[in-house]
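Observations on the model geometry
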Amino acid sequence: MNKKFFLAAACLLAAFAFTGCSTTGSEDGSSGTLVEDASGMGGDVQVGLDPDGAVTVTGTDGYGSNFSGPEALRENNTIYFNYDSDQIHDNYVGVMQAHAKYLRENPDAHIIIEGHTDERGTPEYNIALGERRARSVARYMQNLGVDVNQLSIVSYGEEKPLVVGHNENAWAKNRRAVINY
């Protein structure tokens, strides 16, 4: 069968595996999969096939940002994590799919995935946790069809906080993986 069909099917299966999904139709009669965050904090993302059979990902990230090109991807490049976790939240499925789509369509593009933690924990533990977070994002990208040669990871642990502070608000912003092109 068609390689693009299998790629689209893999993307849709990944979406089903990580979120609650429903099939929807649009006014022009095309259909896709609407991926919605179960917690209500994420955005709405349409995943489907264009007339040429290529995978399409459109929508917002839940904060009003559209995915419409490399500049939008650079602005939507952070995945946040729960305390002591490397599990990707459902509300980042759209962000991940948009980055994966761009990377698949641009095989010369490469990303570095930076893993970060908050200040709690030993430096050694935080380096390992940051690496697990970066690897989690890399694995997810590979599951969406991104070539492993396009991906690099690095862990900064607690060394590069986004927000300086000793409270939950600061810690929540520092528990992240950042995708850099």
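Please read these numbers as outputs of a predicted model, since none were measured by experiment. (Residues numbered from 1 in each chain as written. Predicted model: local features only at pLDDT ≥ 70, side-chain atom pairs only at ≥ 80, totals over all residues. Heavy atoms only, no water.)

This part takes up the overall build of the protein chain. Counting its secondary structure elements, the protein chain contains five helices and eight strands. Along the chain direction, N to C, the helices and strands of the protein chain fall in the order α-β-β-β-β-α-β-α-β-α-β-α-β. Per-residue burial for the protein chain yields a buried fraction of 43% across its 181 residues. By sequence separation, contacts in the protein chain at least 24 residues apart represent 59% of the contacts at least 6 residues apart. (Helix = DSSP H or I, 4+ residues; strand = E, 2+ residues; numbered from the N terminus. Buried < 20%, exposed > 50% of the residue type's maximum accessible area, 1.4 Å probe, protein only. Contact = heavy atoms within 4.5 Å.)

For the rest of this paragraph, the subject is the sheet that holds strand 7 (residues 151–157). By definition, the strands of a sheet pair up through backbone hydrogen bonds, in either a parallel or an antiparallel sense. What the four strands build is an open sheet, ordered 5-8-6-7; its pairing is mixed. Each of the sheet's edge strands pairs with one partner strand only, and the pair in question is strand 5 (78–80) and strand 7. Recorded for the sheet is a direction-independent mean angle of 20° between the axes of neighbouring strands. Judged from the five bridges that link them, strand 6 (residues 111–116) and strand 8 (residues 176–180) form a sheet pairing that is antiparallel. When the sheet's bridge partners are listed, Ile 113 is paired in strand 8 with Ile 179. Against the sheet, helix 4 (residues 123–143) contacts strand 5, strand 6, strand 7 and strand 8, and its axis sits at roughly 155° relative to strand 7. (Pairing = 2+ DSSP bridges. Axes fitted to C-alpha atoms, helices over the stretch in contact; angles between N-to-C directions.)

In the structure shown here, the tally under the stated rule is one aromatic pair. Just above the ring of Trp 171 sits the side chain of Arg 120; from NZ or CZ to the centre is 3.8 Å. (Phe/Tyr/Trp six-rings, centres within 6.5 Å; stacked < 30°, edge-to-face > 60°. Lys NZ or Arg CZ within 6 Å of the ring centre and 35° of its normal.)

Let us now look at the pairing of strand 7. Direction of pairing for strand 6 relative to strand 7: parallel, over a ladder of six bridges. Its bridge partner being in strand 7, His 116 is matched across the sheet by Gly 157.

Assignment of secondary structure puts Thr 117 in the loop between strand 6 and helix 4. At 3.2 Å, the side chain of Thr 117 and the backbone nitrogen of Glu 158 are in polar contact. When near neighbours in sequence (up to four residues on either side) are disregarded, Thr 117 contacts Asn 126, Leu 129, Gly 130, Arg 133, Gly 157, Glu 158, Asn 174 and Arg 175. (Polar contact = N/O pair within 3.5 Å; in protein donor to acceptor, adjacent residues only side chain to side chain.)

A turn of α-helix holds 3.6 residues, and therefore any two residues three or four places apart point the same way. Between the first and last C-alpha of helix 4 there are 30 Å, a value that for 21 residues agrees with the 30 Å anticipated at 1.5 Å per step. Among the residues of helix 4, Asn 126, Leu 129, Gly 130, Arg 133, Ala 134, Ser 136, Val 137, Ala 138, Tyr 140 and Met 141 are the ones counted as buried. Remark: Gly 145 follows helix 4 within two positions and exhibits a positive phi of approximately 100°. (Expected span 1.5 Å × (residues − 1).)

Take the packing of helix 3 (residues 93–105) against helix 4 next. At their nearest, the axes of helix 3 and helix 4 sit 9 Å apart, and the two run at 60° to each other. Relative to helix 4, the element helix 3 is oriented oblique. For helix 3 against helix 4, the interelement crossing comes out right-handed. On helix 4, the residues that touch Val 93, Met 96, His 99, Ala 100 and Leu 103 of helix 3 are Val 137, Tyr 140 and Met 141. Tallied by class, the residues present in the contact of helix 3 with helix 4 amount to seven nonpolar, one polar and no charged. (Parallel < 35°, antiparallel > 145°, perpendicular 65-115°, else oblique. Left-handed = near helix turned anticlockwise from the far one by under 90°. Nonpolar A, V, L, I, M, F, W, Y, C, P; charged D, E, K, R; others polar.)

What follows deals with the pairing of strand 8. Here strand 8 lies mainly inside the structure; four of its five residues are buried. Relative to strand 8, strand 5 runs antiparallel, the two sharing three bridges. Residue Tyr 80 lies in a different strand from strand 8, and its bridge partner there is Arg 176.

What the rule picks out here adds up to seven salt bridges. A salt bridge links Asp 118 to Arg 120; its shortest N-O distance comes to 2.7 Å. Looking at Arg 120, the relative accessible area reads 25%, which means it is partly exposed. One salt bridge connects Arg 175 with Glu 168, and the closest N-O pair in it is separated by 3.0 Å. By relative accessible area, which is 6% here, Arg 175 ends up buried. For Glu 168, a relative accessible area of 40% gives the class partly exposed. Among the charged side chains, a network of salt bridges with common partners joins Asp 118, Arg 120, Glu 168 and Arg 175. (Salt bridge = Lys/Arg side-chain N within 4 Å of Asp/Glu carboxyl O.)

Honestly, that's just the spatial picture; any functional story needs more than this.
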